[in-house]
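# Architecture and fold: a report
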Amino acid sequence: MGTALTDVFARLPGVATARQYRREWLRPDITAGLVLTALLIPAGMGYAEAAGLPAYAGLYATIVPLLAYAVVGPSKILVLGPDSSLAPLIAAAVVPLAVTGDPETALALAGILAVLVGLILLVAGFLRLGFVTDLLSKPIRLGYLNAIALIVVVGQLPKLLGFSVDADNLIEQGWETAHAVFSGGVDLVTATIGFGSLAIIVAFRLWLPRVPGVLVAVVAAIIVSAALGLTDDVGMVGALPDGMPLPSFGGVDWSDVVKLVGPAAGIALIAFADTGVLSRTFAARHGEEVNGSTEMKAIGVANIAGGLFSGFPISASGSRTPVAEQAGAKTQLAGVVGALAVLVFVLAAPGVTAYLPDATLAAVVIVAATALVDVSGMVRMFRMSRIEFALAVAAFVGVALVGVLEGVLVAIGLSFVAVVARAWQPYRTELVQVADRPGFHDIARHPSGRRIPGLVLVRFDAPLFFANGGIFDDYVRSVVAAAHERVDWVIVAAEPVTGIDTTAVDELIDLDTYLASKGIRLVFAEMKGPMKDRLIRFGLGDRFGPDRFHPTIEAAVDAFRGREGR
């Protein structure tokens, strides 16, 4: 038993990296970790507030997951933590249940949500269900991220300008924000700090990108607030609680846990989709490979660990991971250094955040959220595919106006409808010969092409199933009816037919019976072996014998000509 546990421990990615660690990696890892800290602290606190939680929860959700991932995570430089794409989902799940407004209750609910997300990811990883993230197609992700950016920015504007709104959705929030702005509800001191912080962050990003503008803005805001004594005039984050939290889920009953299961599944899907893309991208840059199921389990462990210590659901960070890479990070040690530096800040300087304005954190979150905006991507999508653009718009509208989880689920449902629609009305055509060009070609592209006398050659570009079996039957009959001469054979170029169900089999039998009544033989070219096996399992082995199938279109045509003595 002890040997087995030792073997399991030795196979953990972090342990394996430690055993192969090189001395020359130490300095760049420590440097990258310290640089990373400049973003971990303000970003974590900002995203916690965006999720409707106390700012300090973002530090807890940064420290513990980073340490856990360093041991079990397969990616050497992936940085985990609170993320803007998850913040609205967490708020939507937790805030309605924390009806008392008690921050401790909200933290407990968020911790349970993180544990549930982690358990779902962990089980899914062991079951190798990483493929489910394919449900979030590019159009859905594009619309979702643009909507998230809008939700986050609109949600942070009141904090940036020094007032509060009470709204249940984006439209109400936008309307009340606009009303407050035009009715003089803006606090000039708060707004000055907020826009000043925005200006600093953007300026450094444009002209001095190597210097962390976020850190400069945060430090400057703290100094100004302390020097001018603004703590009573401007909303502040407040001092951090002493020490690190212990596991605590007080004030939460089982009915709340049940209500969090659905949101947890949605957050798990999106968290892993974001993490999987980043993990593969950065691994490819360094000539490495990352197993999706291992990554899913690692994200699950990190979420469980964070949830047990007053954290909330996290994923890989698309803004902090590139910072770690650019700073020279070589291994998971960079994340460990960053986590320990944040821990030192929490334990040694908890009172510093008492001078950090909420407006500055709002500026940090707004700048981060704008990085999710991809207008050019929407334009490219419109040019490439109107259907996929419509799916992206549906995801955007659904997430922005209906709700984050509901919008994503609606968009996924619409994606399935689009897939069914494409398979329901697939491209189909007649193939003909073209002078001076070998093979057989689409008559729509080559209207001058000619049929082989007595032969109709058709192609149907989709699996045959209940929704299109009748369409296939009708199309073949229509091509035969449109022929101006006697037809003896119909050859189906069946390579695109990758599936067939029982309803389509019935249609195939009806078509064969109809053609046979007219003295026409139905044969198949290039049908894949599994499709032939399926026809045999459906009991059609006697009806469609081996002589009905040919390996290529040319072989089928040669068989037709040989039969006719041509």
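Cut-offs and rules
- Residues numbered from 1 in each chain as written.
- Predicted model: local features only at pLDDT ≥ 70, side-chain atom pairs only at ≥ 80, totals over all residues.
- Heavy atoms only, no water.
- Core = buried A, V, L, I, M, F, W, Y, C linked by side-chain atoms within 4.5 Å.
- Buried < 20%, exposed > 50% of the residue type's maximum accessible area, 1.4 Å probe, protein only.
- Helix = DSSP H or I, 4+ residues; strand = E, 2+ residues; numbered from the N terminus.
- Contact = heavy atoms within 4.5 Å.
- UniProt positions renumbered as here; feature names shortened; annotations may be inferred.
- Axes fitted to C-alpha atoms, helices over the stretch in contact; angles between N-to-C directions.
- Parallel < 35°, antiparallel > 145°, perpendicular 65-115°, else oblique.
- Nonpolar A, V, L, I, M, F, W, Y, C, P; charged D, E, K, R; others polar.
- Patch = residues over 30% accessible without salt bridge, like charges linked within 9 Å, V, L, I, M, F, W, Y side chains within 5 Å.
- Areas by Shrake-Rupley, 256 points an atom, 1.4 Å probe, with all protein chains shown as cover.
- Salt bridge = Lys/Arg side-chain N within 4 Å of Asp/Glu carboxyl O.
- 1 Å grid on protein atoms, 1.4 Å probe; cavity = no way out; pocket = protein on both sides within 12 Å on 5 of 7 lines; lining within 4 Å.
- Points joined across faces, edges and corners; volume = space filled by probe spheres on them.
- Pairing = 2+ DSSP bridges.
- Phe/Tyr/Trp six-rings, centres within 6.5 Å; stacked < 30°, edge-to-face > 60°.

Of all hydrophobic cores here, the largest spans 111 residues; its most connected members are Met45, Leu53 and Ile90. Counting residues per element, this core draws most heavily on helix 11 (residues 254-285), at 12 residues. Contacts of Ile90, omitting those with residues within four sequence positions, involve Ala51, Leu53, Val95, Leu113, Ile267, Phe312 and Pro313. By size, the runner-up hydrophobic cluster in this structure holds 32 residues, among which are Phe472, Val497, Leu522 and Phe549.

This part covers the UniProt feature "domain: STAS" (unreviewed entry) in the protein chain. As annotated by UniProt and renumbered to match this structure, "domain: STAS" (unreviewed entry) occupies residues 445-560. Overall, residues 445-560 shows 41% helix and 16% strand. The separation of its end C-alpha atoms is 25 Å.

Tracing the backbone shows Ser293 in helix 12 (residues 292-308). Assessed through its relative accessible area of 11%, Ser293 is described here as buried. For Ser293, the residues in contact, after removing those within four places along its chain, are Gly125 and Arg128.

With that settled, the discussion passes to the packing of helix 3 (residues 26-50) against helix 15 (residues 358-370). At their nearest, the axes of helix 3 and helix 15 sit 9 Å apart, and the two run at 90° to each other. Taken together, the axes of helix 3 and helix 15 lie roughly perpendicular to each other. Counted together, Pro42, Ala43, Met45, Gly46, Tyr47, Glu49 and Ala50 of helix 3 and Asp358, Leu361, Val364, Val365 and Ala368 of helix 15 form the full contact between these two elements. Of the residues assigned to the contact of helix 3 with helix 15, the class counts are nine nonpolar, one polar and two charged.

Judged by side-chain polarity, Val202, Leu206, Trp207, Leu208 and Val211 come together as a nonpolar surface patch covering roughly 520 Å² of accessible area. Locating Leu208 in the fold gives a position in the loop between helix 9 (188-207) and helix 10 (213-228).

This brings us to empty space enclosed by the protein. Enumeration according to the criterion identifies four cavities of 30 Å³ or more in this entry. Reported here for the largest cavity is a volume of approximately 80 Å³. If you trace the largest cavity, you find 13 residues lining it, with Lys76, Ile77, Leu78, Gln332 and Gly335 closest to the centre. Within the residue set of the lining of the largest cavity, elements represented by two or more residues are helix 4 (57-72) and helix 14 (333-348). Residue contributions to the lining of the largest cavity peak at three residues, all from helix 4. Grouping the amino acids of the lining of the largest cavity by side-chain chemistry returns eight nonpolar, four polar and one charged.

Quick look at the pattern of salt bridges now. Two side chains that carry opposite charge are able to pair once their charged atoms sit near each other. Enumeration according to the criterion identifies eight salt bridges in this entry. Salt-bridge contacts for Lys159 lead to Glu49; the nearest nitrogen and oxygen are separated by 3.5 Å. Taken as a pair, Lys159 in helix 7 (residues 138-161) and Glu49 in helix 3 lie far apart in primary sequence, 110 residues in all. By sharing partners, the salt bridges in this structure join Asp512, Arg543 and Arg548 into a single network.

In this sheet, strand 4 (residues 437-442) lies alongside strand 3 (residues 428-434) in antiparallel orientation, the contact comprising three bridges. Counterpart to Leu431 in the pairing with strand 4 is Asp442.

This part covers the sheet that holds strand 6 (residues 489-493). Spatially, 4-3-5-6-7-8 is the arrangement adopted by the six strands of the open sheet, whose pairing is mixed. The sheet terminates laterally at strand 4 and strand 8 (549-550), the two strands that pair on one side only. The pairing of strand 7 (residues 521-525) with strand 8 spans two bridges and is parallel. Counted as the bridge partner of Phe524 is Phe549 from strand 8. On top of the sheet, helix 22 (residues 553-563) reaches strand 3, strand 4, strand 5 (455-460), strand 6, strand 7 and strand 8; it is set at about 170° to strand 6, its chief contact.

Moving on, we come to the packing of aromatic side chains. Two measures describe an aromatic ring pair: the distance that separates the ring centres and the angle between the ring planes. Within the structure shown, the criterion is met by eight aromatic pairs. Taken together, a centroid distance of 5.2 Å and an interplanar angle of 75° make the contact between Phe460 and Phe472 edge-to-face. Separated by 12 residues along the polypeptide, Phe460 in strand 5 and Phe472 in helix 19 (residues 469-482) bring together distant segments of the chain. The buried category is assigned to Phe460, whose relative accessible area is 1%. Residue class for Phe472 comes out buried when judged on its relative accessible area of 5%. Both rings, one in Phe465 and one in Phe466, keep their centres 5.1 Å apart while their planes meet at 85°; by these two values the pair is edge-to-face. Aromatic rings pair up to connect Phe524, Phe544 and Phe549 into one cluster.

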